[in-house]
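The residues making up each chain are set out below.
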Amino acid sequence: MPALLSVRHLSISFHERTVVKDISLDIPKSGITVLVGRSGSGKTTFLRALNRLNEELSPCEVRGQVLLHCPLTHAYQPLHGSEPALAGKPIQEKEPAHVNKAEHAKESIQADTATQNPVDIYQLPPSSLPALRRTVGMVFQNPNVLPVSIKRNITLPLALVAHCPQGELEQRLEQALRTCALWAEVQDRLHAPASSLSGGQQQRLCLARALALQPRLLLLDEPTASLDVFATQQVEELLRALGQHVPMVVVSHSLAQARALADRIFFFSEGSLFPVEKDDYASNAELAALFRETEQQTICSPQPAL
Ligand SMILES: Nc1ncnc2c1ncn2[C@@H]1O[C@H](COP(=O)(O)OP(=O)(O)O)[C@@H](O)[C@H]1O
Ligand SMILES: [Mg+2]
């Protein structure tokens, strides 16, 4: 399958300590790639490297390349019926989207047409980083809802980051919430503070917010780590369905969850990455031990009939 993102000999050091070591990996254009590994093995640092978030947090040295094989999303992308994230299973209640492509110019860095001419994200100027982080979106371990209403959690970034026209905000809001199976739960309290939602609802709101910005790739760092069993099940089901339409890289704290979600699994150990055959984790002693420790901790929901 063609790559959407190619990581080449990526190493990351903080204060001269290398925590990601010479990783090369292709993220395909579809499906869910899951990263597992012990705490401190470098999973989050690696994930953050894929949209250059590490440098926002503390000084770090990055060597190697992260090549993006699609254009950066700079301007507002008008609604259209074939929007991949919105064509999927979670939006059973979906209504036809309006199309008015002529009204909104699409402006992208056409730095590539395919894999021949990808963008090395570490060569991008700072002015392109907002577009990079829109193209490669991220959802964090703890739901980081904005301290505003449920509605404004979606519409603020849509207006400010994606420059969505005022007239489309309501429709976008509803679509995003339906996509993440939240609409029915919140439609009568859109003006309530987002912080009044349960943990699972907040995480689904964060997912809706990220998807509303039309990412080409979504990064999720232990998205269910702070959730109870029921909310974990809901988010896992949602990710399985959304993963059919938006490629994802998911860090998981549990190998059982990884096996339930993943199209491919990689194991992090002390900053290095190893591919894992889904049913062959027992061949790696460290991985087998990790699996034994985590399998009792996470209850994964059964595969939904998609
Ligand atoms: N901003 C940072 N500054 C210094 N060290 C960091 C920073 N972020 C992560 N590290 C270190 O890098 C190592 C890997 O961390 P992390 O990527 O968070 O691992 P994981 O997500 O697998 O638990 C840890 O030793 C951690 O202390
Ligand atoms: Mg982590």
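Residues numbered from 1 in each chain as written. Chains lettered and ligands numbered in written order. Predicted model: local features only at pLDDT ≥ 70, side-chain atom pairs only at ≥ 80, totals over all residues.

So, the site of ligand 1
Okay, step 1: Near ligand 1, the surroundings consist of 13 residues, among which Phe 14, Val 19, Lys 43, Thr 44 and Thr 45 are the closest.
Okay, step 2: Residue contributions to the shell around ligand 1 peak at 3 residues, all from helix H1 (residues 43–49).
Okay, step 3: Partitioning the shell around ligand 1 into residue classes produces 4 nonpolar, 8 polar and 1 charged. (Near = placed C-beta within 6 Å. Helix = DSSP H or I, 4+ residues; strand = E, 2+ residues; numbered from the N terminus. Nonpolar A, V, L, I, M, F, W, Y, C, P; charged D, E, K, R; others polar.)

Digging into the confidence of the model for the protein
Okay, step 1: For the protein, per-residue confidence averages 83 on the pLDDT scale, and 79% of positions sit at 70 or higher.
Okay, step 2: Below pLDDT 50 for its whole length, residues 81–115 participates in 71 contacts with residues either more than four positions away or in separate chains. (pLDDT = per-residue confidence, 0-100. Contact = placed C-beta atoms within 7 Å.)

Thoughts on unusual backbone geometry
Okay, step 1: Positive phi, normally seen in glycine, also occurs at His 9, with a value near 50°.
Okay, step 2: Relative to the assigned elements, His 9 resides in strand E1 (residues 3–14).
Okay, step 3: Located in the positive-phi region is Glu 16, a residue other than glycine, with phi close to 65°.
Okay, step 4: Relative to the assigned elements, Glu 16 resides in the loop between E1 and strand E2 (17–28).

Examining the sheet that holds E1
Okay, step 1: Strand order across the open sheet formed by 4 strands is E2-E1-E4-E5, with antiparallel pairing between neighbours. Each edge of the open sheet carries a strand with a single partner, namely E2 and strand E5 (119–120).
Okay, step 2: In this sheet, E5 lies alongside strand E4 (residues 61–68) in antiparallel orientation, the contact comprising 2 bridges. When the bridges of E5 are listed, Leu 68 appears paired with Val 119. (Pairing = 2+ DSSP bridges.)

What about helix H7 (residues 199–212)?
Okay, step 1: For H7, built from 14 residues, the straight-helix expectation of 20 Å at 1.5 Å per residue is met to within 8% by its first-to-last C-alpha distance of 20 Å.
Okay, step 2: Burial runs high along H7: 13 of the 14 residues are buried.
Okay, step 3: Following H7 by one or two positions, Gln 214 has its phi on the positive side, about 60°. (Expected span 1.5 Å × (residues − 1). Buried ≥ 20, exposed ≤ 12 C-beta atoms within 10 Å, placed from the backbone.)

Examining the sheet that holds strand E3 (residues 32–37)
Two modes of strand pairing occur in sheets, parallel and antiparallel, and in both the strands are linked by backbone hydrogen bonds.
Okay, step 1: Pairing is mixed across the open sheet formed by 6 strands, whose spatial order is E6-E7-E8-E3-E9-E10. At either margin of the open sheet sits one strand with a lone partner, and together these are strand E6 (136–139) and strand E10 (272–276). In this sheet, adjacent strand axes meet at a mean angle of 20° when their direction is disregarded.
Okay, step 2: Bridging between E6 and strand E7 (residues 217–221) involves 4 bridges; their strand directions are parallel. Following the sheet pairing, Val 139 is matched in E7 by Leu 220.
Okay, step 3: Sheet contacts for H7: E6 and E7; angle to E6, the most-contacted strand, approximately 170°. (Axes fitted to C-alpha atoms, helices over the stretch in contact; angles between N-to-C directions.)

Topic: the nonpolar core
Okay, step 1: Ranked by size, the top nonpolar core spans 78 residues in total, and within it Leu 5, Val 34, Ala 208, Leu 219 and Val 250 carry the most contacts.
Okay, step 2: The biggest single contributor to this core is H7, with 7 residues.
Okay, step 3: The residues touching Val 34, leaving out its near neighbours within four places in the chain, are Val 250, Ser 252, Ala 258, Leu 261, Ala 262 and Ile 265. (Core = buried A, V, L, I, M, F, W, Y, C linked by C-beta atoms within 7 Å.)

Remarks on the packing of helix H5 (residues 169–179) against H7
Okay, step 1: In the contact formed by H5 and H7, the axes pass within 8 Å of each other and the chain directions differ by 125°. One way to sum up the angle between H5 and H7 is to call them oblique. Note on packing geometry: the crossing formed by H5 with H7 is right-handed. Across from Arg 172, Ala 176, Leu 177 and Thr 179 in H5, the residues of H7 making contact are Ala 208, Leu 211 and Ala 212. (Parallel < 35°, antiparallel > 145°, perpendicular 65-115°, else oblique. Left-handed = near helix turned anticlockwise from the far one by under 90°.)

Focus: the pairing of E1
Okay, step 1: In terms of strand pairing, E1 meets E2 through 8 bridges, oriented antiparallel. Pairing of Ser 6 across the sheet is with Asp 26, part of E2.
Okay, step 2: What sits between E1 and E2 in their antiparallel hairpin is a turn of 2 residues, with His 15 showing a positive phi close to 50°.
Okay, step 3: Sheet topology places E1 next to E4; 7 bridges connect them, and they run antiparallel. Bridge pairing links Ser 13 to Glu 61 in E4.

Let's talk about the environment of Ile 154
Okay, step 1: Looking at the secondary structure, you find Ile 154 in helix H4 (residues 150–160).
Okay, step 2: Sequence-wise, Ile 154 and Leu 169 are 15 residues apart; in three dimensions their C-alpha atoms are separated by 8.7 Å.
Okay, step 3: Apart from residues lying up to four places away in sequence, Ile 154 is in contact with Leu 173, Ala 176, Ala 208, Arg 209 and Ala 212.

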